[in-house]
Amino acid sequence: MWQAMMARGRSVLNRLSTHPQRVWVVSRHDDLTQQDIGLVNEAELGPGYWQQRRRYSAPMIARIERMGVGAVLELQLAGYSETVMRVK
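Residues numbered from 1 in each chain as written. Predicted model: local features only at pLDDT ≥ 70, side-chain atom pairs only at ≥ 80, totals over all residues. Heavy atoms only, no water.

**Looking at a nonpolar patch on the surface**
- Together, L39, V72, M85 and V87 make up a nonpolar patch on the protein surface, roughly 310 Å² of accessible area in all.
- The residue M85 is located in strand β4 (residues 80-86) in this model.
- On the accessibility criterion, M85 (32% relative accessible area) is partly exposed. (Patch = residues over 30% accessible without salt bridge, like charges linked within 9 Å, V, L, I, M, F, W, Y side chains within 5 Å. Areas by Shrake-Rupley, 256 points an atom, 1.4 Å probe, with all protein chains shown as cover. Salt bridge = Lys/Arg side-chain N within 4 Å of Asp/Glu carboxyl O. Helix = DSSP H or I, 4+ residues; strand = E, 2+ residues; numbered from the N terminus. Buried < 20%, exposed > 50% of the residue type's maximum accessible area, 1.4 Å probe, protein only.)

Next up, the structure:
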């Protein structure tokens, strides 16, 4: 599983070197024992699509859109929270 994730991450990073798109690391955590981390690349999904798919509210999306590289944002959702970090 980790090898597949690493291969996918390398693939995404290779494509990023030729396409200047925004990239985020999104971490969903229900509690201290449950955490899911993923890499989001707009080049693959299209601008704003991933945010709508994750059911972020309009104010949350606006905050994410204003994020600069290196910024971190903690979002509280129904029953869990997500940390969004812009990396590119």
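**Here we look at the confidence of the model for the protein**
- Per-residue confidence for the protein gives a mean pLDDT of 78, with 70% of residues at or over 70.
- Predicted confidence in the protein is weakest over helix α1 (residues 2-16), with a mean pLDDT of 65, and strongest over strand β3 (residues 72-77), with 90. (pLDDT = per-residue confidence, 0-100.)

**Some details on helix α4 (residues 58-65)**
- Along α4, the residues that are buried comprise M60, I61 and I64. One side of α4 carries all its buried residues, which in axial view fall inside an arc of 100°. Seen from the buried face of α4, the exposed residues on the opposite side, beyond 90 degrees, are A58 and P59. (Arc of directions from axis to C-beta.)

**As for the packing of aromatic side chains**
- Tallying each qualifying case throughout the model produces zero aromatic pairs.
- Above the face of the Y80 ring, R28 is positioned so that its terminal group lies 3.6 Å from the ring centre. (Phe/Tyr/Trp six-rings, centres within 6.5 Å; stacked < 30°, edge-to-face > 60°. Lys NZ or Arg CZ within 6 Å of the ring centre and 35° of its normal.)

**Quick notes on the pattern of salt bridges**
- Within the structure shown, the criterion is met by two salt bridges.
- Notably, a salt bridge pairs E65 with R22, separated by 3.0 Å at the nearest N-O pair. A residue pair is termed long-range when its members are at least 10 positions apart, and E65 in helix α4 and R22 in the loop between α1 and β1 (23-31) qualify at 43 residues.
- Its relative accessible area of 17% is what places R22 among the buried residues.

**What about the side chain of S81?**
- Mapped onto the elements of the fold, S81 is located in strand β4.
- Within polar-contact distance, the side chain of S81 engages the side chain of E74 at 3.3 Å.
- What S81 contacts, discounting residues up to four positions off in sequence, is S27, R28, H29, E74, L75 and Q76. (Polar contact = N/O pair within 3.5 Å; in protein donor to acceptor, adjacent residues only side chain to side chain. Contact = heavy atoms within 4.5 Å.)

**Observations concerning the environment of Y80**
- Position of Y80 among the secondary structure elements: in strand β4.
- By relative accessible area, which is 17% here, Y80 ends up buried.
- Here the alpha-carbon distance between Y80 and H29, two residues 51 residues apart in the chain, equals 6.0 Å.
- Not counting chain neighbours up to four residues away, the residues in contact with Y80 comprise R28, H29, D30, R54 and L75.

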